[in-house]
Amino acid sequence: MYQVVNPATGKLENEFPTATDAEISEVLDRAARGYSSWRRTPVSERADILRQVAKLYRERRDDLAAIITREMGKTTAEAKGELAFTVGIYRYYADNGADLLKDQPLSSNTPGSAWVRKSSIGALLGIMPWNYPYYQVARFAAPNLMIGNTIILKHAPQCPESALAMEQIFRDAGLPADAYINVFATNEQVAGMIADPRIAGVSVTGSERAGSAVAAVAGQNLKKVVLELGGSDPFIVLDSANLPAVAKAAAAARMENGGQACNASKRMIVADGVYDAFIEEFTAAMATYVTGDPTDPATSYGPLSSEQAARNLMEQIDDARSKGATVHLGGHRVDGPGAFVEPTVLSGVTPEMRAYTEELFGPAAVVYRVAGADQAVKLANSSSYGLGGAVFTSDDALALDVADRLDVGMVWINQAEGGGPELPFGGTKRSGVGRELGPLGIDEFVNKKLIHTPPGDE
């Protein structure tokens, strides 16, 4: 069942039935049929539709923001920020897609001319999470629609209204109905869809568990996958001329979306020389974040996405506390209804604690003390995740050296982790495989076809 349970109140607000097996089969047929015509649609027409999609997102932002605030608890301000990013993604691929898809000439010792042509591969299945309901879909849908692939979108069970709103935007923008199809599928149905020959590839943004399950089925059926999974990103502070500003940046990086972001900074790894000052400033910065009604402009961050999510985070915090970790701030649920958790700062976290190895998906951070850059890199790389990271130091050469040594997909130097439609997003290790956004994001689900002509036929 796909349900909207408002995490700020715990109230069930809407529900939708899952698709029948017959409906799933029809969706697969539609996406396959739609591909035969959409792939032949001129690139300029695809771009025009994406521009119209961006326009409609911008025009409907108030209603769209209200939907995800109700579905997963994002504050109204952050919801509108997500929509602005979403608009940027559709515009980026509309404006740059033609250039990104241009033939790539090759030098060859074989007489004649050779080039690589990027072309579509078929119908794709996208499995998207609840934490950024519009943005996550955009970074999958925009480049692949631009390429000429068709899309079946299976959203998170708690995001049915935003899923339907997105499908309607595509319809209103003029996209053929069979080029993008929303489906309320079960996990069992998803497995069958991945195995079905009408699906050419699958993209997942979500948990490590979900990614592993999807990759297993895709591998058995020789399907291309892109996996954007969890993260436990390090925020490394080696020195700073303005430690209060760095601490505020660390708090902002941790508390974005209520701490429910894969690439949020979650482990603050701080050199001994500045550790005491940093943890004092960081704790003070975290204490300024106020939770409450996500529609209230005075609220800094909203509830966690669900009651279960709040319970999971509290189990991790309580485990660390019971095994000797120091709680500098928070560490409790907020009284009253809703899935609210206090901003929490932990130190003294050791390998036997869950918080050492597990991703903390919520308003909780761990601060570690290290001797210097070498120990910082070793600790950062000890995680099974490898999504992103940030490095702060006034030594430019040291910053680049540390960046090179981090086993992650993205590094930000002397700035909190960020992003943009033109910047590739993705990680290594158990954070997944593949890239989204930027020029690399349009290269994942393509047939890079070699074309060679003999001399005189160029």
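These figures come from a predicted structure and were not determined experimentally.

Peer 1: What should I look at first to understand the overall build of the protein chain in this one?
Peer 2: A count of helices and strands for the protein chain gives 15 helices and 20 strands. For the protein chain, the C-alpha radius of gyration of 23 Å lies close to 23 Å, the compact-globule estimate for 458 residues. Based on the C-alpha atoms only, the size of the protein chain along its principal axes is roughly 70 × 60 × 40 Å. With 458 residues in all, the protein chain has 55% of them scored as buried. For the protein chain, the proportion of contacts with a sequence separation of at least 24, taken over those separated by at least 6, is 71%. Accessible area of the protein chain: about 18100 Å², with a carbon and sulfur share of 52%.

Peer 1: I'm lost on the pairing of strand β6 (residues 150-154) in this one. Help?
Peer 2: One face of the sheet, then the other: side chains in a regular strand alternate in exactly this way. β6 sits mainly inside the fold: five of its five residues count as buried. By the alternation rule, side chains of β6 split into Thr150, Ile152 and Lys154 and Ile151 and Leu153, which are all buried. Handedness of the crossover joining strand β5 (residues 123-127) and β6 through helix α5 (residues 135-147): right-handed. Pairing geometry for β6 and strand β7 (residues 180-182), over three bridges, is parallel. Counted as the bridge partner of Leu153 is Asn182 from β7. Running through helix α6 (residues 160-172), the crossover from β6 to the neighbouring parallel element β7 is right-handed.

Peer 1: I would appreciate a short explanation of the packing of helix α3 (residues 61-72) against α6 in the present structure.
Peer 2: When two helices pack together, their arrangement is captured by the angle between the axes and the distance separating the axes. At a minimum axis distance of 8 Å, the contact between α3 and α6 shows a crossing angle of 155°. With respect to their mutual orientation, α3 and α6 come out roughly antiparallel. Touching Leu64, Ile67, Ile68, Arg70 and Glu71 of α3 are Pro160, Glu161, Ser162, Ala165 and Ile169, all from α6. Its residues placed into classes, the contact of α3 with α6 shows six nonpolar, one polar and three charged.

Peer 1: Please explain the side chain of Glu82 as it appears in this structure.
Peer 2: Tracing the backbone through its elements, the reader meets Glu82 in helix α4 (residues 76-100). Of the residues examined, Glu82 reaches a relative accessible area of 3% and is grouped as buried.

Peer 1: What should I look at first to understand the nonpolar core in this one?
Peer 2: Burial of nonpolar side chains together is a common tendency in soluble globular proteins. Judged by nonpolar contacts, the single largest core of 57 residues is most densely connected at Tyr57, Tyr90, Tyr93 and Tyr180. Mapped by element, the contributors of at least two residues to this core are α2 (43-59), α3, α4, α5, β6, α6 and β17 (410-413). With residues near it in sequence (within four places) discarded, Tyr180 still touches Val137, Ala141, Ile151, Leu153, Met166, Glu167, Phe170, Arg171 and Leu175. Counting 32 residues, the second largest nonpolar core, distinct from the first, contains Ala310, Ile317, Tyr368 and Ala373.

Peer 1: Just to check I follow, could you spell out unusual backbone geometry for this structure?
Peer 2: Of all residues except glycine, most have a negative phi; of all peptide bonds, most are trans. Even without being glycine, Leu222 reaches a positive phi, approximately 55°. Mapped onto the elements of the fold, Leu222 is located in the loop between α8 (208-220) and β9 (224-228). The class of Leu222 is exposed, set by a relative accessible area of 78%.

Peer 1: What is the right way to look at the state of the cysteines in this model?
Peer 2: What makes a disulfide is a covalent bond joining the sulfur atoms belonging to two cysteines. The tally for this structure, following the rule as stated, stands at zero disulfides. Cys159 takes part in no disulfide bond, and the closest cysteine sulfur to it belongs to Cys262, at a distance of 13 Å. A relative accessible area of 0% means that Cys159 is categorised as buried.

Peer 1: Just checking my understanding: could you explain the pattern of salt bridges for this structure?
Peer 2: Two side chains carrying opposite charge are able to pair once their charged atoms lie near each other. Tallied over the full model, the rule gives 32 salt bridges. The shortest N-O distance in the salt bridge between Lys55 and Glu59 comes to 2.5 Å. With Lys55 and Glu59 both in helix α2, this residue pair falls four residues apart, about one helical turn. For Lys55, a relative accessible area of 33% gives the class partly exposed.

Peer 1: Help me understand the packing of aromatic side chains, please; the structure alone is not making it clear to me.
Peer 2: Any two aromatic rings considered together are summarised by their centre-to-centre distance and by the angle between their planes. This structure, assessed with the given rule, holds 13 aromatic pairs. On the basis of an interplanar angle of 75° and a centroid distance of 6.0 Å, the ring pair of Tyr90 and Phe170 is categorised as edge-to-face. Pair noted here: Tyr90 is in helix α4 and Phe170 is in helix α6, with a separation of 80 residues, a long-range link. On the basis of relative accessibility, which here comes to 0%, the residue Tyr90 falls in the buried class. Taken together, the ring pairs connect Tyr57, Tyr90, Tyr134, Phe170 and Tyr180 into an aromatic cluster. The side chain of Lys74 reaches across the aromatic face of Tyr132, ending 4.1 Å from its centre.

Peer 1: What am I meant to see in the sheet that holds strand β4 (residues 113-119) here?
Peer 2: Spatial ordering of the open sheet is given by β3-β4-β20, a layout of three strands whose pairing is antiparallel. At either margin of the open sheet sits one strand with a lone partner, and together these are β3 (104-106) and β20 (447-453). Sheet twist, expressed as the mean angle between neighbouring strand axes with direction ignored, is 25°. One ladder, built from three bridges, connects β3 with β4; its direction is antiparallel.

Peer 1: Explain the side chain of Ser232 here, please?
Peer 2: Tracing the backbone through its elements, the reader meets Ser232 in the loop between β9 and β10 (233-237). Among all residues touching Ser232, those that are not within four sequence positions of it are Lys266, Arg267, Glu358, Ser383 and Tyr385.

Peer 1: Explain the environment of Asn182 here, please?
Peer 2: Note on placement: Asn182 falls in strand β7. Taking the C-alpha atoms as reference points, Asn182 and Ile68, 114 residues apart in sequence, are found 17 Å from one another.

Peer 1: What exactly am I supposed to notice about the layout of surface pockets here?
Peer 2: Unoccupied space between atoms shows up once a probe the size of one water molecule is rolled over them. By volume, the second largest pocket amounts to about 510 Å³. Lining the second largest pocket are 36 residues, with Phe85, Tyr135, Glu256, Asn263 and Gly418 sitting closest to its centre. Among the elements of the structure, α4, α5, α9 (243-255) and β17 are those that each provide at least two residues to the lining of the second largest pocket. The greatest single-element share of the lining of the second largest pocket, amounting to four residues, is contributed by α4. Partitioned by chemical class, the residues of the lining of the second largest pocket number 18 nonpolar, eleven polar and seven charged.

Quick notes on the rules
- Residues numbered from 1 in each chain as written.
- Predicted model: local features only at pLDDT ≥ 70, side-chain atom pairs only at ≥ 80, totals over all residues.
- Heavy atoms only, no water.
- Helix = DSSP H or I, 4+ residues; strand = E, 2+ residues; numbered from the N terminus.
- Rg over C-alpha atoms; globule rule 2.2 N^0.38 Å.
- Buried < 20%, exposed > 50% of the residue type's maximum accessible area, 1.4 Å probe, protein only.
- Contact = heavy atoms within 4.5 Å.
- Areas by Shrake-Rupley, 256 points an atom, 1.4 Å probe, with all protein chains shown as cover.
- Right-handed = clockwise from strand over helix to strand, strands pointing away.
- Pairing = 2+ DSSP bridges.
- Axes fitted to C-alpha atoms, helices over the stretch in contact; angles between N-to-C directions.
- Parallel < 35°, antiparallel > 145°, perpendicular 65-115°, else oblique.
- Nonpolar A, V, L, I, M, F, W, Y, C, P; charged D, E, K, R; others polar.
- Core = buried A, V, L, I, M, F, W, Y, C linked by side-chain atoms within 4.5 Å.
- Disulfide = S-S within 2.5 Å.
- Salt bridge = Lys/Arg side-chain N within 4 Å of Asp/Glu carboxyl O.
- Phe/Tyr/Trp six-rings, centres within 6.5 Å; stacked < 30°, edge-to-face > 60°.
- Lys NZ or Arg CZ within 6 Å of the ring centre and 35° of its normal.
- 1 Å grid on protein atoms, 1.4 Å probe; cavity = no way out; pocket = protein on both sides within 12 Å on 5 of 7 lines; lining within 4 Å.
- Points joined across faces, edges and corners; volume = space filled by probe spheres on them.

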